[in-house]
Amino acid sequence: MGDAHNGFASGATLVNGTTRLIPLIRRFVLVCLAAWLVLAASPTARAQQRDMLFLNLLFPREVYQAIEQEYQRVLKLCPIDDHACWIREARPRQWTFNAVREAPTAAATQSGNVVVLATYAAEDGLRLRVDYRPVTGAHSTWLRPADIGDWGYEVWVYVAAEHLSKQDGRRWVRLPADPFPASAWIELDEHGLHGDVESIAGRIVTIQPGVPAVSRQTGRHLSLPADSNYVVEGFEGAAVLLREEVPADMPCAPGSEEKDVTAKTPRYRVRYEDLFSRNGRPLLTHAYPRGC
């Protein structure tokens, strides 16, 4: 009888002890889960899987209208090939657009503005340039006329991130480190610079010479050949996966991609950071900004 009583006592003690352990175990699991979520959300963890984003940049309608009006005005005064006359008569224009803020919210501190300038040059006629104008200090050029090209077409520019405000649905993009501050955001607004943001995955790009890469077929380290365009096949951790362009990739070109792309088509792995200069400018551009 005493043994039975002791058995019941031991069993009760075990049950009570287990009951007391359950909240501790539950708390331990929750702490581990929270720690995992924090780690997964940390900048270091996010950097392990990157994307590259491009903004299909559009200027406000007033810019296009003003340039067209100025072109027609000067055309009445100057022969089309008299560059000296055009330089003398064409009136420079400047527009102050999107506020550059330190965070993707209208309440964040404003560090400056995006400024669009229209000028005339003998080598490429009426042209646009986009500058960053800080609250204090001189302008710094963001997009040169060569970056914009023919202003009647789309302009693709790299942006560091995109943010959609849950409060009011406003769309923001984070601008690259050069020439902007470390944290620089603009709201995409049709009254300023605006457009659609897309991943560069699947795009055909041109890359400046000298970018280090690794052959995905042989593992050999090399510099990307400068005489080829590349298709961005995707991302692998902190690397961008590329393959050389084939004729079927070209816009409006006949042919079958399945037929032209083979196991021998050169493929490369490039570190994300190697696609940018030391001051943060991207070393790649869209190969066919005008489509066909």
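Asker: Would you mind going over the sheet that holds strand E6 (residues 155-159) with me for this structure?
Answerer: Strand pairing within a sheet occurs via backbone hydrogen bonds; the two strands may be parallel or antiparallel. The strand order across the open sheet built from 3 strands is E6-E1-E10, with neighbouring strands paired in antiparallel fashion. Where the open sheet ends on each side, the last strands, each with one partner, are E6 and strand E10 (194-199). Strand-to-strand twist across the sheet, computed as the mean angle between neighbouring axes with direction ignored, equals 30°. Bridge analysis of strand E1 (residues 53-58) against E6 gives 5 bridges, and the strand direction is antiparallel.

Asker: So what exactly am I meant to see when it comes to helix H3 (residues 61-75) here?
Answerer: Because the α-helix completes a turn every 3.6 residues, residues three or four places apart line up on one side. Across its 15 residues, H3 extends 21 Å between first and last C-alpha, which sits within 8% of the 21 Å expected from 1.5 Å per residue. For H3, every residue scored as buried is listed here: Val 63, Ala 66, Ile 67, Glu 70 and Val 74. Buried residues along H3 cover an arc of 100° about the axis, so they all sit on one side. Within H3, the exposed residues directed more than 90 degrees away from the buried face are Arg 61 and Gln 69. Looking at the buried residues of H3, the elements they touch are helix H4 (83-89), strand E2 (93-101), strand E3 (110-121) and strand E4 (125-134).

Asker: Looking at this structure, I do not really get the sheet that holds strand E12 (residues 212-215). What am I missing?
Answerer: Taken in spatial order, the 7 strands line up as E13-E12-E16-E15-E14-E11-E17 in an open sheet, and their pairing is antiparallel. Each edge of the open sheet carries a strand with a single partner, namely strand E13 (221-223) and strand E17 (284-286). Mean inter-strand twist for the sheet, computed between neighbouring axes without regard to direction, equals 45°. One ladder, built from 3 bridges, connects E12 with E13; its direction is antiparallel. Directly across from Ala 213, in E13, lies its bridge partner Leu 222.

Reading the values: the criteria
Residues numbered from 1 in each chain as written. Predicted model: local features only at pLDDT ≥ 70, side-chain atom pairs only at ≥ 80, totals over all residues. Heavy atoms only, no water. Pairing = 2+ DSSP bridges. Helix = DSSP H or I, 4+ residues; strand = E, 2+ residues; numbered from the N terminus. Axes fitted to C-alpha atoms, helices over the stretch in contact; angles between N-to-C directions. Expected span 1.5 Å × (residues − 1). Buried < 20%, exposed > 50% of the residue type's maximum accessible area, 1.4 Å probe, protein only. Arc of directions from axis to C-beta. Contact = heavy atoms within 4.5 Å.

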